[in-house]
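The lines below spell out each chain.
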Amino acid sequence: MIKNKGLILSMDVVEKQKAIMIAEETCDSVDAIKVGYPLVLGAGIGIIGELARYAPVIADFKVADIPNTNKLICEHVFKAGADSVISHGFPGRDSLSSCIETAEEFGKEVYVVAEMSHPGATDFFLPVAESIAEMAVECGAAGVVAPATRPDSLKRIRNIIGNELKIMSPGVGAQGGKASDAISSGADWIIVGRSIYKSQYPKKVAESIVAEIESVTR
Ligand code: O7E
């Protein structure tokens, strides 16, 4: 995925027409649109191909199964037109490798959740985040997901993965994180959902987030 604006729109609306309308409005300000269960369950898997007309689509299915099931999920997602898929790392190396091998067959990418952004992530995720990030490097992932709500975690994970892998970082806005802090702490992209799609003016909000990102990158 090409880094340009530094913003990924998380399209967690559940209606096809609304998703398309917001994509049309915001596509000049985003590097990708992230689609997950809410929208795919609401609108069908065909929405991936529809949104891919506006921006590369990240299929956020947080794939977390045995290798064979992971392969089947990834094949489906890439055939539907996704540019990359999000996988969990905790099921282990063989499960993650299966996602990456499948992505390679399609010329696509896998990003691995290293640490989550919500408060409950401290229950189980924090102690394993660094090991998952290391595994993402060793298995050849394109990048990892790390929290904008914990800039210190972002910095630590950036140190572990080096500069070759990318970081996409959710938790900006509705969850309390700040775009400029996340980018300054090592994120390549921030992922923003509600602040944009719930706004009356999604285009304006997306543009202002991009301006904030640019204020720390230029
Ligand atoms: O809080 P919002 O509305 O800006 O939306 C954030 C989106 O990022 C939402 O789709 C949520 O499921 C996702 N997300 C997190 O909020 N925290 C995480 O730790 C991980 C993700 C995520 O997208 O992971 C895969 C990229």
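Only a predicted model underlies this, so the values are computations on that prediction, with no experimental measurement involved.

Side note on the environment of Pro170
Thinking step 1. Mapped onto the secondary structure, Pro170 falls in strand E7 (residues 166-170).
Thinking step 2. For Pro170, a relative accessible area of 16% corresponds to the buried category.
Thinking step 3. Residues Pro170 and Val145, 25 residues apart in the sequence, show an inter-C-alpha distance of 7.6 Å.
Thinking step 4. Contacts of Pro170, omitting those with residues within four sequence positions, involve Ser117, Val145, Ala146, Pro147, Ala148, Thr149 and Ile191.

Side note on the packing of aromatic side chains
Thinking step 1. Under the definition given, this model contains 3 aromatic pairs.
Thinking step 2. Between Phe78 and Phe106, the aromatic rings sit 5.6 Å apart at their centres with planes inclined by 35°, giving tilted as the arrangement. Here Phe78, found in helix H4 (residues 67-79), pairs with Phe106, found in helix H5 (residues 93-106); they are 28 residues apart in sequence, far enough to count as distant.
Thinking step 3. We classify Phe78 as buried; its relative accessible area is 5%.

Overview of the site of the ligand
Thinking step 1. As a structural note, the neighbourhood of the ligand is formed by 16 residues, with Asp12, Ser117, Gln175, Gly193 and Arg194 the closest of them.
Thinking step 2. Gln175 is positioned such that a nitrogen or oxygen atom in its side chain is 2.7 Å from an oxygen atom of the ligand.
Thinking step 3. In isolation the ligand offers 540 Å² of accessible surface; the protein chains occlude 89% of this area.
Thinking step 4. Among the cavities detected, the one that contains the ligand is the largest pocket.
Thinking step 5. The set of elements that each furnish at least two residues to the shell around the ligand consists of strand E3 (57-63) and strand E8 (189-192).
Thinking step 6. Split into classes, the residues belonging to the shell around the ligand amount to 7 nonpolar, 4 polar and 5 charged.

Examining the sheet that holds strand E6 (residues 143-145)
Thinking step 1. On the basis of which strands lie adjacent, the closed barrel formed by 8 strands has the order E1-E2-E3-E4-E5-E6-E7-E8 and parallel pairing. Across the sheet, the mean angle separating the axes of adjacent strands is 25° when strand polarity is ignored.
Thinking step 2. With 3 bridges connecting them, E7 and E8 associate as parallel partners. Across the sheet, residue Pro170 finds its bridge partner in E8, namely Ile191.

Things to note about the UniProt feature "domain: Orotidine 5'-phosphate decarboxylase" (unreviewed entry) in the protein chain
Thinking step 1. Those residues carrying the UniProt feature "domain: Orotidine 5'-phosphate decarboxylase" (unreviewed entry) are residues 6-209 in this numbering.
Thinking step 2. For residues 6-209, helix accounts for 47% and strand for 19%, while the C-alpha atoms at its two ends are 9 Å apart.

What to know about H5
Thinking step 1. Taking 1.5 Å per residue as the helical rise, H5 with its 14 residues ought to reach 20 Å, and the 20 Å between its terminal C-alpha atoms agrees with that figure.
Thinking step 2. Regarding H5, the residues found buried are Ser95, Leu96, Ser97, Ser98, Cys99, Ile100, Thr102 and Ala103.
Thinking step 3. Contacts from the buried residues of H5 go to E3, H4, strand E4 (84-88), strand E5 (109-113) and helix H7 (129-139).
Thinking step 4. Where H5 terminates, the next one or two residues include Gly107, which has phi positive at roughly 70°.

A look at the pairing of E5
Thinking step 1. Burial runs high along E5: 4 of the 5 residues are buried.
Thinking step 2. Pairing of E4 with E5 involves 5 bridges; the strand directions are parallel. Across the sheet, residue Ile86 finds its bridge partner in E5, namely Tyr111.
Thinking step 3. Crossover handedness for the path E4 to H5 to E5: right-handed.
Thinking step 4. Sheet topology places E5 next to E6; 3 bridges connect them, and they run parallel.

Rules of the game
- Residues numbered from 1 in each chain as written.
- Predicted model: local features only at pLDDT ≥ 70, side-chain atom pairs only at ≥ 80, totals over all residues.
- Heavy atoms only, no water.
- Helix = DSSP H or I, 4+ residues; strand = E, 2+ residues; numbered from the N terminus.
- Buried < 20%, exposed > 50% of the residue type's maximum accessible area, 1.4 Å probe, protein only.
- Contact = heavy atoms within 4.5 Å.
- Phe/Tyr/Trp six-rings, centres within 6.5 Å; stacked < 30°, edge-to-face > 60°.
- Near = heavy atom within 4 Å.
- Polar contact = N/O pair within 3.5 Å; in protein donor to acceptor, adjacent residues only side chain to side chain.
- Areas by Shrake-Rupley, 256 points an atom, 1.4 Å probe, with all protein chains shown as cover.
- 1 Å grid on protein atoms, 1.4 Å probe; cavity = no way out; pocket = protein on both sides within 12 Å on 5 of 7 lines; lining within 4 Å.
- Sits in = over half its atoms within 2 Å of the grid points.
- Nonpolar A, V, L, I, M, F, W, Y, C, P; charged D, E, K, R; others polar.
- Pairing = 2+ DSSP bridges.
- Axes fitted to C-alpha atoms, helices over the stretch in contact; angles between N-to-C directions.
- UniProt positions renumbered as here; feature names shortened; annotations may be inferred.
- Expected span 1.5 Å × (residues − 1).
- Right-handed = clockwise from strand over helix to strand, strands pointing away.

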